[in-house]
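Notes for the structure review
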Number of protein chains: 2
Amino acid sequence: MPMNFNAGPASLPLAALERAKTELLDFAGTGISVMEHSHRGKEYEAVHDEAMSLVRELFAVPRGYEVLFLQGGASLEFATVPMNFLPPGASADYIVTGAWSEKAHAEASAWAAMVRASVRLAASTKDSGYTRVALAEEARLDENAAFVHFASNETIHGVQYLELPRFGNAPLVCDMSSEFLSRKVDLRAFSLVYGGAQKNIGPSGVTVVIASNDFIARGRQDLPTILQYRAHAKAKSLLNTPSTFGIYLMRNVLAWLKGEGGLATIEARNRAKAAELYAVMDALSGFYRSPVQRASRSVMNVVFRLSSEDMEKRFLAEAAQNAMIGLKGHRSVGGIRASLYNAVEPDWVSALASLMKEFARRNG
Amino acid sequence: MPMNFNAGPASLPLAALERAKTELLDFAGTGISVMEHSHRGKEYEAVHDEAMSLVRELFAVPRGYEVLFLQGGASLEFATVPMNFLPPGASADYIVTGAWSEKAHAEASAWAAMVRASVRLAASTKDSGYTRVALAEEARLDENAAFVHFASNETIHGVQYLELPRFGNAPLVCDMSSEFLSRKVDLRAFSLVYGGAQKNIGPSGVTVVIASNDFIARGRQDLPTILQYRAHAKAKSLLNTPSTFGIYLMRNVLAWLKGEGGLATIEARNRAKAAELYAVMDALSGFYRSPVQRASRSVMNVVFRLSSEDMEKRFLAEAAQNAMIGLKGHRSVGGIRASLYNAVEPDWVSALASLMKEFARRNG
């Protein structure tokens, strides 16, 4: 089995996949696949409810917050968040710290132009080449903002808020896609957070949204129903047919996560994995270069450069020879990226760290 | 294995599921699951491209038409069709023949109210209790309509256009969810058709849209990108992470369909399955009652009533004892519904027909 460092879709826990394989043709003794069950039948609903309960339990979702299972990825949330919460005349603040929050800002701006609302770029680290997060102190906030949006981790640029920030007193909305359920978070600080499942908690095709009932209730009521968070919350995410197999597989992953000890355990493990790679980079700083400022180095996506693109190609080729895959940086930025999501085993990271040392010794 | 008559998610071909099971942990010799592959890697892209080619080949998609793999189900299309093609000041005609086209009409009306466009109810068979389709002749069409929308099959009411209609000369848009790839269709008559995969061609979580490039090009360009068909077409449905496992499984189903002989074979088989049940109903018309007018009887969803709800409950209980599941009518209408999608085997239908005869004999 290769060591899979893909940025998403990404490695999944073997136990979760084995469970799916065992019962793929015969779910819970019913003689048919979970994919063939009605989303309104008791067999599937038990899975749906268990997945929701596991999110609540593992992520310590506060009372008064809804957990929603939607489709369309974080990219659809980029549009539906302003559609719901940015009515005509209102204004929202966006914090841009990488490619994903840049997209979120662009989508919100398109919507704002359509409905005569405003989107403000309250802070951006683009000038730095997205090598750091934006501090709350540097944001030019609108105290009347309908909400403030930021991304807690930027997959492409490898930049993360290691301490989650507050941005004034407006409702806080966060794209947590690439760190969802990788560490403990005090969700009471947020009005709405969202994430695609395909990094830490499942296959692609499932989006998890967690939002306070108060915030959901503020959403526009004249949108088409399918675009209203309110409607999904009321229908317990069965407003229309959800991605039943995706939610089932997510349930398997969440059950594995609970068995591993939950977020406290996985957070410590994730920090240790990232620390091992950053330590190699720091020790061999003449050979490996982290483009990211130290205080913003992502625990999830560790990016680094070598002396030349040619050297990077050779590194990737050697990694592939050693059964390490998914290490090529995003095509928009190049370089190397090791994504260290929950299912990435510490042994794989140690093997990568060894290769980095060995490769530097031979080529340094 | 039970005989699965679910309305969707529904029965899937065993061969497609077995293929998935065999390679669930090791896709194409890569040592990891297809779910763990990047959507931008060559292994997944081969699956994505093959699924798209199979849709094109099996459904005889004309040149100048795009095939899109999206998320959110037909319910999201109910909103995105008017968002793209119903700009301020424009008007669209809706034909309503059951619960689903009624929803499509409601969603479009919500959007129209937001942007000061119009939605006209050009025809409705609600007065009949949705027991028949609406003929083109009875539709009060607007010759300047931006498009005309209808549903070719209504899953809940069991009503289908056995001959696909033309409604004037405006671009024709059709929700084909519950009959997608169950019969040959001349797609050149349509500007855009869509369907959730979870009836005939795959698991839930994948929506297939087929649209002419000309029509796509007319869509609004100021919407958030993720909501524009144009953007998905340009990105070959890889604008953002698609439901990779859903598309993979759909590929397996389409490969099975091709092996069975494609749409000509499956259409004949589907018609024969439905004919067998309608023949029993007609022969035992004192015991079983089809609420649907003869010319509108669906080949996909065969609905019928017995003399009382109590008798229906007893019928469902006997069916369950005979390993037939998914026969309960939709909660909004009651009665019995047998969904006879592509993967439902003729033997199962014959077994159901036998049970119907036997049950009537004992209780008539």
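Residues numbered from 1 in each chain as written. Chains lettered and ligands numbered in written order. Predicted model: local features only at pLDDT ≥ 70, side-chain atom pairs only at ≥ 80, totals over all residues. Heavy atoms only, no water.

1. Things to note about the side chain of Asn200 of chain B
Residue and element names in this part refer to chain B. Mapping Asn200 onto the fold places it in the loop between β9 (192-196) and β10 (207-212). There is a polar contact of 3.4 Å between the side chain of Asn200 and the backbone oxygen of Phe180. Only 2.8 Å separates the side chain of Asn200 from the backbone nitrogen of Asn342, close enough to count as a polar contact. If sequence neighbours within four positions are ignored, Asn200 has contacts with Ser178, Glu179, Phe180, Ser182, Val253, Met300, Tyr341 and Asn342. (Helix = DSSP H or I, 4+ residues; strand = E, 2+ residues; numbered from the N terminus. Polar contact = N/O pair within 3.5 Å; in protein donor to acceptor, adjacent residues only side chain to side chain. Contact = heavy atoms within 4.5 Å.)

2. Overview of the sheet that holds strand β9 (residues 192-196) of chain A
All names here are of chain A. One open sheet holds the seven strands; their spatial order is β2-β10-β9-β8-β5-β3-β4, and the pairing between them is mixed. With partners counted over all chains shown, the strands left at the sheet margins are β2 (65-70) and β4 (118-124), one partner each. When strand polarity is set aside, the average angle formed by the axes of neighbouring strands in this sheet is 20°. (Pairing = 2+ DSSP bridges. Axes fitted to C-alpha atoms, helices over the stretch in contact; angles between N-to-C directions.)

3. Observations regarding helix α1 (residues 14-22) of chain A
Residues and elements named next belong to chain A. Of all the residues in α1, the buried ones are Ala16, Leu17 and Ala20. For α1, the angular spread of buried residues about the axis comes to 95°, placing them on one side. Elements that come into contact with the buried residues of α1 comprise α7 (244-260). (Buried < 20%, exposed > 50% of the residue type's maximum accessible area, 1.4 Å probe, protein only. Arc of directions from axis to C-beta.)

4. Looking at the interface of chain A and chain B
Much of the literature gives interface size as the accessible area that the parts lose upon coming together. With 58 residues of chain A in contact, the opposing surface of chain B contributes 58 residues. Of the roughly 4,600 Å² buried between chain A and chain B on both sides combined, carbon and sulfur atoms contribute 64%. For the pair chain A and chain B, the number of links is zero salt bridges. Looking at the side of chain A that touches chain B, the elements that each hand over two or more residues are α1, α3 (73-85), α4 (99-115) and α7 of chain A. In terms of residue count, the dominant contributor to the side of chain A that touches chain B is α1 of chain A (six residues). (Buried area = accessible area lost by both parts, 1.4 Å probe. Salt bridge = Lys/Arg side-chain N within 4 Å of Asp/Glu carboxyl O.)

5. Looking at the relation of the copies chain A and chain B
Of the transformation placing chain A onto chain B, the axial shift is 0.0 Å and the rotation is 180°, giving an RMSD of 0.0 Å. Considering both components of the superposition, the chain copies are consistent with a two-fold axis. Comparing contact sets, 100% of the residues at the interface of chain A also lie at the interface in chain B, consistent with an isologous, same-surface contact. (Least-squares fit on C-alpha atoms with pLDDT ≥ 70 in both.)

6. Overview of the sheet that holds strand β3 (residues 91-96) of chain B
Two orientations exist for strands paired in a sheet by backbone hydrogen bonds: parallel and antiparallel. Residues and elements named next belong to chain B. Across the sheet, seven strands lie side by side as β2-β10-β9-β8-β5-β3-β4; this open sheet has mixed pairing. In this open sheet, the two edge strands, each paired with only one partner strand, are β2 (65-70) and β4 (118-124). Going across the sheet, the axis of each strand differs from the next one's by a mean of 20°, ignoring polarity. Taken together, the six bridges between β2 and β10 define a ladder with antiparallel strand orientation. Bridge pairing in β10 places Phe69 opposite Val208. In the packing of helix α3 (residues 73-85) onto the sheet, contacts are made with β2, β3, β8 (172-175), β9 and β10, and the angle to β9 comes to roughly 155°.

7. Considerations on the nonpolar core
Looking at soluble globular proteins, one finds that nonpolar side chains tend to be buried together. Core analysis: the largest hydrophobic core is formed by 122 residues, its most contacted members being Phe59, Ile95 and Ile210 of chain A together with Phe59, Ile95 and Ile210 of chain B. Setting aside residues no more than four positions away along its own chain, Ile95 of chain B makes contact with Ser101, Ala122, Ala123, Ala134, Ala139, Val148, His149, Phe150, Tyr161 and Phe167 of chain B. In terms of nonpolar packing, the next biggest core, distinct from the first, is built from 70 residues, Phe85, Tyr94, Leu192 and Leu227 of chain B among them. (Core = buried A, V, L, I, M, F, W, Y, C linked by side-chain atoms within 4.5 Å.)

8. A word on the confidence of the model for chain A
Per-residue confidence for chain A gives a mean pLDDT of 97; residues scoring 70 or more make up 100%. Interface confidence for the predicted complex, expressed as ipTM, amounts to 0.98; the pTM equals 0.98. (pLDDT = per-residue confidence, 0-100.)

9. Some thoughts on the packing of α3 of chain B against helix α4 (residues 99-115) of chain B
Residue and element names in this part refer to chain B. Relative to each other, α3 and α4 sit at 40°, their axes nearing to 8 Å. Judged by the inter-axis angle, α3 sits oblique to α4. Of the two elements, α3 crosses α4, and the hand of that crossing is right-handed. Between α3, through Ser75, Phe78, Ala79, Pro82 and Met83, and α4, the contact on the second element is made entirely by Trp100, Lys103, Ala104, Glu107, Ala108 and Trp111. (Parallel < 35°, antiparallel > 145°, perpendicular 65-115°, else oblique. Left-handed = near helix turned anticlockwise from the far one by under 90°.)

10. Here's the deal with the packing of aromatic side chains
One pass over the full model with this rule turns up 38 aromatic pairs over all chains. Each ring, one from Trp111 of chain A and one from Trp111 of chain B, has its centre 6.2 Å from the other, and the planes form 45°; the classification is tilted. One end of the pair, Trp111 of chain A, is in helix α4; the other, Trp111 of chain B, is in helix α4, on a second chain. As far as the burial class goes, Trp111 of chain A and Trp111 of chain B line up, both buried. Both rings, one in Tyr161 of chain B and one in Phe167 of chain B, keep their centres 6.3 Å apart while their planes meet at 85°; by these two values the pair is edge-to-face. Taking the relative accessible area as the measure of exposure, Tyr161 of chain B reaches 3% and is therefore buried. Overall, the relative accessible area of 1% leaves Phe167 of chain B in the buried class. (Phe/Tyr/Trp six-rings, centres within 6.5 Å; stacked < 30°, edge-to-face > 60°.)

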